[in-house]
Amino acid sequence: MTQTPSPTPATIACDPGELLGRYDGLLVDLDGTVFEGGRPIPGAGEALAGRPVVYVTNNASRSPQQVADHLRSMGIAAGPGDVLTSAQAACTLAADVLARDRGLEPSSVHALVLGADSFRDLAAEAGFTVTTAAEAADRAEATSSPDRAAGTGSAADADPSG
């Protein structure tokens, strides 16, 4: 007795518009789904047009505005509010963790953000007080004692008992 194999996504005959229309919203990855190597995937833009889409990307080096501009250059209607980057998700999650687990508001946290300019901008948008490396060095120098900053202090100098 021969068993009929289960259908795979590639073998299911369905109108893409009908399939997408079954959902209230779509979370759509970009590279390999909407475009590949900077070229639009044929039919993707048309299939997504007019639907409630959030374009999700793990590319943390580009801002939501830059991603939306790239999508529009390929004929896909998108604004920065339609894009969620991994850097946005990380900043939002970090703010939530600090508030929930440590009782800190992001605005009270001086964060040294290492990465693309867009990452620093997103951290600031999430409420963090973003510090540059130069500001961090100045801050560290200002908070250390003159002897320690000059490298002349010792543990004995710091201990008032002797």
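You'll find the structure just up there.
In this numbering scheme, every chain counts its residues from 1 along its sequence in written order. Given that this is a predicted model, residues contribute local features only at a pLDDT of at least 70 and side-chain atom pairs are listed and counted only at 80 or more, while totals for whole chains, interfaces and linings are drawn from all residues. Computation of side-chain values covers all heavy atoms of the structure but excludes hydrogens and water.

### Concerning the overall build of the protein chain
Item 1. Counting secondary structure elements, the protein chain contains 8 helices and 7 strands.
Item 2. Throughout this description, buried means an accessible area under 20% of the type-specific maximum (1.4 Å probe, protein chains only), exposed means over 50%, and partly exposed covers the range between. Counting across all 162 residues of the protein chain, residues that qualify as buried make up 23%.
Item 3. Contact definition: two residues touch when any of their heavy atoms are within 4.5 Å. Taking as baseline every contact in the protein chain between residues at least 6 positions apart, the subset at least 24 positions apart corresponds to 51%. Helix and strand assignments follow DSSP, with helices taken as H or I runs no shorter than four residues and strands as E runs no shorter than two, numbered in order from the N terminus.

### Some remarks on the pattern of salt bridges
Item 1. Salt-bridge detection follows one rule: a side-chain nitrogen of Lys or Arg within 4 Å of a carboxyl oxygen of Asp or Glu. One pass over the full model with this rule turns up 4 salt bridges.
Item 2. Between Arg100 and Asp101 there is a salt bridge, with its nearest N and O atoms 2.8 Å apart.
Item 3. For Arg100, a relative accessible area of 59% gives the class exposed.
Item 4. The partly exposed category is assigned to Asp101, whose relative accessible area is 49%.
Item 5. Its salt-bridge partner being Arg120, residue Asp117 comes within 2.1 Å of it at the nearest N-O pair.

### Remarks on the packing of helix α4 (residues 86-102) against helix α5 (residues 117-125)
Item 1. Between N-to-C directions, angles span 0 to 180 degrees; the directions come from axes that are lines fitted to C-alpha atoms, helices contributing only their stretch in contact. At their nearest, the axes of α4 and α5 sit 9 Å apart, and the two run at 35 degrees to each other. Between α4 and α5 lies a crossing of right-handed hand. Contacts between α4 and α5 pair Ala87, Gln88 and Cys91 from the former with Phe119, Leu122 and Ala123 from the latter.
Item 2. Only Asp, Glu, Lys and Arg are considered charged in this grouping, and only Ala, Val, Leu, Ile, Met, Phe, Trp, Tyr, Cys and Pro are considered nonpolar; every other residue, Gly among them, is considered polar. Its residues assigned to classes, the contact of α4 with α5 shows 5 nonpolar, 1 polar and no charged. Put simply, a crossing is left-handed when the front helix is turned counterclockwise from the back one by less than a right angle, and right-handed when it is turned clockwise.

### Thoughts on the nonpolar core
Item 1. Of all hydrophobic cores here, the largest spans 16 residues; its most connected members are Val28, Leu30, Val34, Leu48, Tyr55 and Leu71.
Item 2. Only β1 (26-29), β4 (53-57) and α3 (64-73) provide two or more residues apiece to this core.
Item 3. Considering each element in turn, this core owes the most residues, 3 residues, to α3. Nonpolar cores are built from buried Ala, Val, Leu, Ile, Met, Phe, Trp, Tyr and Cys residues. Side-chain atoms within 4.5 Å join them into one set.

### A few points about the layout of surface pockets
Item 1. Definitions used for this entry: grid spacing 1 Å over protein atoms alone; cavity, a set of points where a 1.4 Å probe fits but cannot get out; pocket, an open set with protein on both sides within 12 Å along at least 5 of 7 lines; lining residue, one with an atom within 4 Å of a point. Grid points are joined across faces, edges and corners, and a volume is the space filled by probe spheres set on the points. Volume-wise, the largest pocket comes out at about 190 Å³.
Item 2. Forming the boundary of the largest pocket are Leu20, Leu26, Leu27, Val28, Thr33, Val34, Ile41, Pro42, Gly43, Ala44, Ala47 and Leu48.
Item 3. Here the residues of the lining of the largest pocket are counted per class, giving 10 nonpolar, 2 polar and no charged.

### Structural notes on the side chain of Gln88
Item 1. Along the chain, Gln88 falls in helix α4.
Item 2. Residue classification places Gln88 among the buried positions, given a relative accessible area of 19%.
Item 3. In terms of polar contacts, Gln88 uses its side chain to reach the backbone amide nitrogen of Thr85, at 2.8 Å.
Item 4. With residues up to four places along the chain from it excluded, the contact list for Gln88 reads Pro64, Val83 and Leu122. Counting of polar contacts relies on pairs of N or O atoms within 3.5 Å, with two restrictions inside protein: one atom must be capable of donating a hydrogen and the other of accepting it, and residues adjacent in sequence are counted only when both atoms are side-chain atoms.

### Considerations on the environment of Thr129
Item 1. By the secondary structure assignment, Thr129 is in strand β7 (residues 129-131).
Item 2. Given a relative accessible area of 28%, Thr129 falls into the partly exposed group.
Item 3. Between the C-alpha atoms of Thr129 and Ala111, which are 18 residues apart in sequence, the distance is 6.0 Å.
Item 4. In this structure, Thr129 is in contact with Pro106, Ser107, Val109, His110 and Ala111, ignoring residues within four places of it in sequence.

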